[in-house]
Amino acid sequence: MSYIGIVFTFVFGGNVLFRYGAGTCAGAKETRAGGGGWRAFLALGVISLVSSALHSAVMRYALVPLGLDALEPLAYMFIVVILLYSLTSALASGSGFLAEAGKAAKEQVLSCVVYAAALSSSRSGFSMAEAAAAGLAAAAGWWCAVVLLERIMDRLELEDVPPALQGTPLWFISAGLVAMAFSGIDRLLVARIVG
Amino acid sequence: MNQPNERPSASNPVLMVVTGLCPLLIPSVTFQRGYILGIGVVVHAILLAALLPVLGRMVGSSLQFSLSLALSGMITALYSVGVRLAFPAEAYGLSPFLGLIAVNCFGLSVLRGSLRQAGLDRLPEYARSAGILLLTWLGFSALREVLGSGFLTLYATETSRAVLDLRSVIVFPLRSVLLPFGAFLLLGYCIALYRLRGKRRKEG
């Protein structure tokens, strides 16, 4: 699959918010558009890229050859999360720009968006570089989806919506409708168009 | 700014946890998958709530995060082994989500709502909340299976998996509840119904 195909797939049909529901949890609260700003977005992108590449390497060179691919989620937690958390903690304890970057990145390590991106890219049989691209695309796709839903919710606030549907129910219904539209843009369609 | 976790309907702690656990609720397309994942979440949350204070007293704050995550991972690993032994067919498809129990619950269930305050003295309260959470989970997964495949199998068959195809949704629209977007829609309407029920109770 080409890199353009990977990006399209992970932004639309394979969007981690619409496909897995990732990012509706508290762990992703700070990463939301407007809440964390561009700094949080960049931190999420970098962490997602690194964790996807790292997890893909662990799977490709260690777990699959040893026939231990069933341990995939555990390997993610013990290798990727703890390693990245230690690295970002070390960065955050410093000073200056690196410390700021470390603090922003530390908040993203346990995000289920990053986890979903790493798992879905490693299960697609990508190389390390492709997995990294998929991780970055998944983070960007998730961010775009959240911004889109926020805009929809802002518009709906001006409409006469029944009280029972206001807030969370309307957010989920809007997410469902957008997800339905996005689910049509799947891997087969993208592969036919861009290879 | 509208955020799903910050809206007033999330005042019910169980509902808050359920909506926060969407990555685990969405793969619950059958009653069987629902109870595998639901029991996993409940067992994990109660064990962590009971064990984390003990761990906190044993180690310093610098090590607490890594050890807590390792503990969370071990609980999930043990549960995964149990699922593999009991439901080998379902375990393969659910393995990434079982891992998500640790990643998600660690940051969410134990730290939120009525499951927030850790301590053995509050264990009955956790157990009650966990029971309601499990019932909500089972109800949601059963509803998805009944609406999507037409009946409640209570057992893993090809029924629900066979209909997980967008093309079949065009012919049978209700099957969409088995797909992720259908889960979002159903969850939205269920929360709205819950609100309506609460409002009527208050008025009554």
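Basis of the calculations
- Residues numbered from 1 in each chain as written.
- Chains lettered and ligands numbered in written order.
- Predicted model: local features only at pLDDT ≥ 70, side-chain atom pairs only at ≥ 80, totals over all residues.
- Heavy atoms only, no water.
- Phe/Tyr/Trp six-rings, centres within 6.5 Å; stacked < 30°, edge-to-face > 60°.
- Helix = DSSP H or I, 4+ residues; strand = E, 2+ residues; numbered from the N terminus.
- Buried < 20%, exposed > 50% of the residue type's maximum accessible area, 1.4 Å probe, protein only.
- pLDDT = per-residue confidence, 0-100.
- Contact = heavy atoms within 4.5 Å.
- Axes fitted to C-alpha atoms, helices over the stretch in contact; angles between N-to-C directions.
- Parallel < 35°, antiparallel > 145°, perpendicular 65-115°, else oblique.
- Left-handed = near helix turned anticlockwise from the far one by under 90°.
- Nonpolar A, V, L, I, M, F, W, Y, C, P; charged D, E, K, R; others polar.
- Core = buried A, V, L, I, M, F, W, Y, C linked by side-chain atoms within 4.5 Å.
- Patch = residues over 30% accessible without salt bridge, like charges linked within 9 Å, V, L, I, M, F, W, Y side chains within 5 Å.
- Areas by Shrake-Rupley, 256 points an atom, 1.4 Å probe, with all protein chains shown as cover.
- Salt bridge = Lys/Arg side-chain N within 4 Å of Asp/Glu carboxyl O.

### Here's the deal with the packing of aromatic side chains
Here is step 1: Applying the stated criterion across every chain yields a total of eleven aromatic pairs over all chains.
Here is step 2: Here A:F41 and A:W143 contribute two aromatic rings whose centre-to-centre distance is 4.9 Å and whose plane-to-plane angle is 50°, an arrangement assigned as tilted. Residue A:F41 is found in helix 3 (residues 37-63), and its partner A:W143 is found in helix 7 (residues 128-156); the two are separated by 102 residues along the sequence.
Here is step 3: Looking at A:F41, the relative accessible area reads 18%, which means it is buried.
Here is step 4: We classify A:W143 as buried; its relative accessible area is 10%.
Here is step 5: Taking the centre distance of 5.6 Å and the plane angle of 75° together, the rings of B:F31 and B:Y35 count as edge-to-face. A residue pair is termed a helical-turn pair when its members lie 3 or 4 positions apart in one helix, as B:F31 and B:Y35 do in helix 3 (residues 31-58) at four residues.

### Describing the confidence of the model for chain A
Residue and element names in this part refer to chain A.
Here is step 1: With 91% of its residues at a pLDDT of at least 70, chain A reaches an overall mean of 81.
Here is step 2: Ranking the elements of chain A by mean pLDDT puts helix 9 (residues 187-194) last, at 70, and helix 7 first, at 90.
Here is step 3: Under a pLDDT of 50 for its full length, residues 26-34 has, in the predicted model, 36 contacts with residues more than four places off or in other chains.

### Concerning the packing of helix 3 of chain B against helix 6 (residues 123-149) of chain B
Helix-helix packing is characterised by the crossing angle of the two axes and by the distance between the axes.
Residues and elements named next belong to chain B.
Here is step 1: At a minimum axis separation of 8 Å, helix 3 and helix 6 run at an interaxial angle of 165°. With respect to helix 6, the element helix 3 is oriented roughly antiparallel. For the pair helix 3 and helix 6, the crossing hand works out as right-handed. Here F31, Q32, G34, Y35, L37, G38, I39, V41, V42, I46, A49 and A50 of helix 3 come into contact with helix 6, specifically with L123, Y126, A127, A130, L133, L134, W137, L138, S141, A142 and E145.
Here is step 2: Class assignment of the residues belonging to the contact of helix 3 with helix 6 gives a composition of 18 nonpolar, four polar and one charged.

### Let's talk about the nonpolar core
Most often, soluble globular proteins have nonpolar side chains that are buried together.
Here is step 1: A:V16, A:L17, A:F18, A:W142, B:L24 and B:L37 are the most contacted members of the largest nonpolar core, which totals 83 residues.
Here is step 2: The biggest single contributor to this core is helix 7 of chain A, with eleven residues.
Here is step 3: One finds B:L48, B:L52, B:L71 and B:I75 within the second-largest nonpolar core, a separate group that totals five residues.

### Observations regarding a nonpolar patch on the surface
Residue and element names in this part refer to chain A.
Here is step 1: A cluster of nonpolar side chains, contributed by V46, L49, V50 and L136, occupies part of the molecular surface with about 290 Å² of accessible area.
Here is step 2: Counting residues per element, the nonpolar patch draws most heavily on helix 3, at three residues.
Here is step 3: Following the sequence through the fold, V46 ends up in helix 3.

### Brief notes about the packing of helix 3 of chain A against helix 7 of chain A
Residue and element names in this part refer to chain A.
Here is step 1: Between helix 3 and helix 7, the shortest axis-to-axis distance is 7 Å and the interhelical angle comes to 150°. The two elements helix 3 and helix 7 cross, and the hand of that crossing is right-handed. When helix 3 is examined against helix 7, the residues G37, A40, F41, L44, G45, S48, L49, S52, A53, S56 and A57 are found in contact with a partner set consisting of M128, A131, A132, G135, L136, A139, A140, W142 and W143.

### Comments concerning the confidence of the model for chain B
Atomic detail in the predicted coordinates should be set aside for any region of low pLDDT.
All names here are of chain B.
Here is step 1: Mean pLDDT over chain B works out to 73, with 71% of the residues at or above the 70 mark.
Here is step 2: Per-element confidence in chain B ranges from a low mean pLDDT of 49 for helix 7 (residues 158-162) to a high of 86 for helix 9 (residues 180-203).
Here is step 3: With pLDDT under 50 throughout, residues 1-10 is counted as low confidence; its partners more than four residues away or in other chains account for 32 contacts.
Here is step 4: Scored below 50 in pLDDT, residues 154-160 shows 14 contacts in the model against residues more than four places distant or in partner chains.
Here is step 5: Taken over the whole predicted complex, pTM reads 0.81, whereas the ipTM for its chain interfaces reads 0.83.

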